[in-house]
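Close look at the chain arrangement
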Amino acid sequence: MRPGVEGPTLVLVVAVGVLVGCGVTLLLERSLTRILLGVILLGNGVNALILMGGRAGAAPVVGVAPAGRLSDALPQAMILTAIVITFGLTAFLLAVSYRSWYLTGDDEVPDDIEDRQIRRAAERNEVATADLGGEGPDADPEQVDPELPRRLRPGDGPG
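Residues numbered from 1 in each chain as written. Predicted model: local features only at pLDDT ≥ 70, side-chain atom pairs only at ≥ 80, totals over all residues. Heavy atoms only, no water.

1. Observations regarding the pattern of salt bridges
Per the counting criterion, the structure on display carries one salt bridge. Two residues, arginine 34 and glutamate 29, come together in a salt bridge whose shortest N-O distance is 3.5 Å. Glutamate 29 gets classed as partly exposed once you look at its relative accessible area, which sits at 33%. (Salt bridge = Lys/Arg side-chain N within 4 Å of Asp/Glu carboxyl O. Buried < 20%, exposed > 50% of the residue type's maximum accessible area, 1.4 Å probe, protein only.)

Below is the structure:
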């Protein structure tokens, strides 16, 4: 750093690293609740990182201070945009998590059929074969998911 120029403190840099590290760790979990918390932590860490990139100074209003002493308004505008995007993504993940809990009773992300086949082939030390069928996604037994059990609602039963 140059003498006389203030930069981010070590505490803020460590806080950004902890937020981003915890967020990425939670994103790699199988529970949608933990994934949601990971998105929130990662978003806050990135917002703090963007904020550190801005120049500190007086309020960015023309006429308040000389142009060289004004703070940079671009990082603040980018953070406001990122907050809105994170809020929308959080609302979407909450809806997906609730729907998963409603249908299956938990919020864990299930494996695909192909994931299970690849894992079994790897355990047997086999090479995965390419799908050369060409029968289309509806007739291919590898691609068709079994029907999920549906909860009966009032009026859906026989009668």
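2. A short note on the side chain of serine 31
You can see serine 31 is positioned in the loop between helix 1 (10-27) and helix 2 (32-52). Ignoring anything within four residues of it in the chain, the contact list for serine 31 reads Asp107 and Glu108. (Helix = DSSP H or I, 4+ residues; strand = E, 2+ residues; numbered from the N terminus. Contact = heavy atoms within 4.5 Å.)

3. Considering helix 3 (residues 74-104)
Across its 31 residues, helix 3 extends 44 Å between first and last C-alpha, which sits within 8% of the 45 Å expected from 1.5 Å per residue. Residues of helix 3 that are buried: Pro75, Ile79, Ala82, Thr86, Thr90, Leu93, Ser97 and Ser100. Against the buried residues of helix 3 lie helix 2. Where helix 3 ends, the next residue or the one after it, glycine 105, has phi of about 90 degrees, a positive value. (Expected span 1.5 Å × (residues − 1).)

4. Observations concerning a nonpolar patch on the surface
On the surface, a nonpolar cluster with roughly 360 Å² of combined accessible area is contributed by Leu10, Val13, Val14 and Val18. Structurally, the position occupied by valine 13 is in helix 1. Judged by its relative accessible area of 39%, valine 13 falls in the partly exposed class. (Patch = residues over 30% accessible without salt bridge, like charges linked within 9 Å, V, L, I, M, F, W, Y side chains within 5 Å. Areas by Shrake-Rupley, 256 points an atom, 1.4 Å probe, with all protein chains shown as cover.)

5. Re the confidence of the model for the chain
Put simply, the chain has an average pLDDT of 80, and 75% of its residues get 70 or more. Here helix 4 (residues 113-123) stands out as the least confident element of the chain, with mean pLDDT 81; helix 1 is the most confident, with 94. (pLDDT = per-residue confidence, 0-100.)

6. Quick word on the environment of asparagine 44
Within the secondary structure, asparagine 44 sits in helix 2. Owing to a relative accessible area of 39%, asparagine 44 belongs among the partly exposed residues under this scheme. In sequence terms asparagine 44 and leucine 19 are 25 residues apart; their C-alpha atoms lie 7.1 Å from each other.

7. Description of the packing of helix 2 against helix 3
It is at 10 Å that the axes of helix 2 and helix 3 come closest, and there the two elements cross at 180 degrees. Taken as axis vectors, helix 2 and helix 3 run roughly antiparallel relative to one another. Residue composition of the contact of helix 2 with helix 3, by class: 15 nonpolar, seven polar and no charged. (Axes fitted to C-alpha atoms, helices over the stretch in contact; angles between N-to-C directions. Parallel < 35°, antiparallel > 145°, perpendicular 65-115°, else oblique. Nonpolar A, V, L, I, M, F, W, Y, C, P; charged D, E, K, R; others polar.)

8. Topic: the packing of helix 1 against helix 2
For the pair helix 1 and helix 2, the least separation of the axes is 7 Å and the interaxial angle reads 155 degrees. Considered as vectors, helix 1 and helix 2 are oriented roughly antiparallel to each other. Like other packed secondary-structure pairs, helix 1 and helix 2 cross with a definite hand, here left-handed. Class assignment of the residues belonging to the contact of helix 1 with helix 2 gives a composition of 18 nonpolar, four polar and one charged. (Left-handed = near helix turned anticlockwise from the far one by under 90°.)

9. Overview of the packing of aromatic side chains
Inspection of every chain in the model, using the stated rule, returns two aromatic pairs. The structure contains a cluster of three or more aromatic residues connected by ring pairs, namely Tyr98, Trp101 and Tyr102. (Phe/Tyr/Trp six-rings, centres within 6.5 Å; stacked < 30°, edge-to-face > 60°.)

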